[in-house]
Amino acid sequence: MVDALIVVVLVGLSAIVIAVGCALSWQRHRDFPALRDWAVGSALIAPSMFILGLLDQEGASHLPMLAYVVVALIYAVFWSGVRRLTGRERTWGLPVAAGVVYLSVMAWFMYRDPDFLARVATTSVLGMLAAALLATELLTDRRMRGHRPGRLMIALLVQFGLFHAARAGVLMFADVTGTLVFDVLRLLTFVELVLFVVGGGLLVIAMANERTMHRLRRLADRDELTGLYNRRAFMRTAEEALERARSRAGELSLILFDLDHFKRVNDTHGHLVGDQVLRVAAETVMAALREADAPGRYGGEEFCVLLPGLGIPAALEVAERIRGSLEDVRIDTPTGPLRISASLGVSGLAHGAASVPDLLALADAALYRAKAEGRNRVVLATPAVEATAPARQVPAES
């Protein structure tokens, strides 16, 4: 078999390299504290594995008991890291309780009834339970299940837990002290640790990089003032939704609306209040939509909403809900409460639109009619009229 010292040194070096890598990555991703937790946990593995791998034998010193404390701390730190990955608050009750139970059992088999295999088996049980809890934390988070690094991390934890379950079973039901089986188990344990620490560390770094890229993409796609899609991103999203609707023979509708008398708001109350009105309007619209819907700021005080999967009747209901919600808004200003309203035009594939510009032109003509008829209302596009009506010039994206 491979010399235990060589294996321990390799495991320790791997843990240190990953700890340094996570720490350096954390310097670039300060808003991703899971990197720091993984760096700390990995750094603690090296000394604990050296003690447990080489010194924890019958009649050894008290150093192994210190290593067991470090092992409990390692799992607690990894628990903290996974909680941070899912955006949840760190809770120490469970890891502290598990650590106390674990250390009590280890102290019993260390001092009262010395049993080396029992200590190894108990440590494997802790590893199995920790892996199960960490995997459960990730499985209950939709974002973790929805992207590749998260799924790989779940798979890594599952196989780590299964290995330790099998290892604990062998050690509890068979006396393998001094046998080839024990040597093989010890070697596999070290290999498993390298896989867990290195694989987990690289995945955490990948998650941090992916989150940063997602944030950059979001900044590029979002209107800075309202947080809605900007015009470019909305058009891209609409084209993609149109392709999906065509390929599946599905429905697609669009709402185009703007805030009534918005220029008067700016002229009377100033642009700061005007910006507040736009933000409140965006928040109000978001609250009236489904997760699948795509709202955007089309230009100035004009907004658009893409409704995948909805036909005209459902789109009219959404538009009326938006109109009513905006009508109920009251915004405090130095001169008193400010009320807002909107005029909305609705179009859909049922009108024979062949492209996103067609949908926008139809909705724009309906919006023009809504304003002409007195504002604060929803008007449905009628292809026989709107199909030949020129779209109004909308201010460029701001």
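Criteria and cut-off values
- Residues numbered from 1 in each chain as written.
- Predicted model: local features only at pLDDT ≥ 70, side-chain atom pairs only at ≥ 80, totals over all residues.
- Heavy atoms only, no water.
- Pairing = 2+ DSSP bridges.
- Helix = DSSP H or I, 4+ residues; strand = E, 2+ residues; numbered from the N terminus.
- Axes fitted to C-alpha atoms, helices over the stretch in contact; angles between N-to-C directions.
- Expected span 1.5 Å × (residues − 1).
- Buried < 20%, exposed > 50% of the residue type's maximum accessible area, 1.4 Å probe, protein only.
- Core = buried A, V, L, I, M, F, W, Y, C linked by side-chain atoms within 4.5 Å.
- Contact = heavy atoms within 4.5 Å.
- Phe/Tyr/Trp six-rings, centres within 6.5 Å; stacked < 30°, edge-to-face > 60°.
- Lys NZ or Arg CZ within 6 Å of the ring centre and 35° of its normal.
- Salt bridge = Lys/Arg side-chain N within 4 Å of Asp/Glu carboxyl O.
- Patch = residues over 30% accessible without salt bridge, like charges linked within 9 Å, V, L, I, M, F, W, Y side chains within 5 Å.
- Areas by Shrake-Rupley, 256 points an atom, 1.4 Å probe, with all protein chains shown as cover.
- pLDDT = per-residue confidence, 0-100.
- Parallel < 35°, antiparallel > 145°, perpendicular 65-115°, else oblique.
- Nonpolar A, V, L, I, M, F, W, Y, C, P; charged D, E, K, R; others polar.

Draft legend 1. Highlighting the sheet that holds strand 1 (residues 252-259). One open sheet accounts for five strands, arranged 2-3-1-6-7; its pairing is mixed. Each edge of the sheet is formed by a strand with only one pairing partner; in this case those strands are strand 2 (294-299) and strand 7 (378-380). When strand polarity is set aside, the average angle formed by the axes of neighbouring strands in this sheet is 20 degrees. In this structure, strand 1 lies alongside strand 6 (residues 342-348), joined through seven bridges in antiparallel fashion.

Draft legend 2. Layout of helix 12 (residues 312-327). Under the 1.5 Å per step criterion, the end-to-end length of helix 12 is 22 Å for 16 residues, consistent within 8% with the ideal 22 Å. Three or more residues of helix 12 are buried, namely I312, A315, V318, A319, I322, R323, G324 and L326.

Draft legend 3. Spatial organisation of the nonpolar core. Of all hydrophobic cores here, the largest spans 49 residues; its most connected members are F32, W38, M153 and F196. Elements that contribute at least two residues to this core include exactly helix 1 (4-28), helix 2 (34-54), helix 3 (63-85), helix 4 (93-112), helix 5 (116-139), helix 7 (148-173) and helix 8 (180-221). Setting aside chain neighbours within four positions, we find F32 in contact with W26, L85, V204, M207, A208 and R211. In this structure, L259, A282, L289 and A315 belong to the second largest nonpolar core, which totals 30 residues.

Draft legend 4. Molecular detail of the packing of aromatic side chains. Applying the stated criterion across every chain yields a total of six aromatic pairs. Note on W38 and F196: the rings are 5.7 Å apart at their centroids and 50 degrees apart in plane angle, and the pair reads as tilted. A residue pair is termed long-range when its members are at least 10 positions apart, and W38 in helix 2 and F196 in helix 8 qualify at 158 residues. Judged by its relative accessible area of 2%, F196 is buried. Here the aromatic cluster, defined as three or more aromatic residues joined through ring pairs, consists of W38, F78, F160 and F196. Note that R30 overlies the ring of W26, its terminal NZ or CZ placed 4.0 Å from the centroid. A cation over an aromatic ring shows up here: R231 above the ring of Y298, its NZ or CZ 4.1 Å from the ring centre.

Draft legend 5. Focus on the pattern of salt bridges. The full count for this structure, using the stated rule, is 15 salt bridges. Between E137 and R83 there is a salt bridge, with the nearest N and O atoms lying 3.1 Å from each other. You can see E137 sitting in helix 5 and its partner R83 sitting in helix 3, a full 54 residues away along the chain. Note on accessibility: E137 and R83 belong to one class, buried. The closest approach of N and O atoms between D267 and K263, which form a salt bridge, is 2.9 Å. One end of the pair is D267 and the other is K263, both in helix 10 (residues 262-269) and four residues apart, which spans about a single turn. Comparing D267 with K263, the two get one shared label, exposed. Through salt bridges with shared partners, one network takes in R83, R88 and E137.

Draft legend 6. Structural detail: a nonpolar patch on the surface. Taken together, the side chains of L5, V9, L13, I16, V20, L24 and F50 define a hydrophobic patch exposed on the protein surface, amounting to about 620 Å² of accessible area. If you tally residues by element for the nonpolar patch, the top one is helix 1, at six residues.

Draft legend 7. Just unusual backbone geometry, in detail. Its identity as a non-glycine residue notwithstanding, H261 has a phi of 55 degrees, on the positive side. Of note, the phi angle at R375 is positive, near 70 degrees, even though the residue is not glycine. With respect to the helices and strands, the residue R375 is situated in the loop between helix 13 (356-372) and strand 7. The exposure class assigned to R375 is partly exposed, which follows from its relative accessible area of 30%.

Draft legend 8. Expanded view of the environment of L306. Counting through the fold element by element, L306 comes out in strand 3 (residues 302-308). Linking L306 and T333, residues 27 residues apart in sequence, is a C-alpha distance of 32 Å. Excluding anything up to four places from it in sequence, L306 contacts F234, T237, A238, A241, L252, S253, L254, D293 and A294.

Draft legend 9. Local environment of the confidence of the model for the protein chain. In this model, the protein chain carries an average pLDDT of 87, and 92% of its residues clear a pLDDT of 70 or more. Considering only residues more than four positions removed or in separate chains, one finds that residues 384-398, a stretch of pLDDT under 50, has 28 contacts.

Draft legend 10. Seen up close, the packing of helix 9 (residues 231-247) against helix 13. The contact between helix 9 and helix 13 brings their axes to 9 Å, and the two run at 110 degrees. Taken as axis vectors, helix 9 and helix 13 run roughly perpendicular relative to one another. Of the residues in helix 13, those in contact with M235, A238, E239 and L242 of helix 9 are V356, P357 and L360. When the residues that make up the contact of helix 9 with helix 13 are grouped by side-chain class, the tally is six nonpolar, no polar and one charged.

Draft legend 11. Expanded view of the pairing of strand 2. The buried fraction of strand 2 is high, at six of six residues. The pairing of strand 2 with strand 3 spans five bridges and is classified as antiparallel. Bridge pairing in strand 3 places A294 opposite L306. Where strand 2 folds back on strand 3, the antiparallel hairpin that results is connected by two residues, among which G300 adopts a positive phi of roughly 55 degrees.

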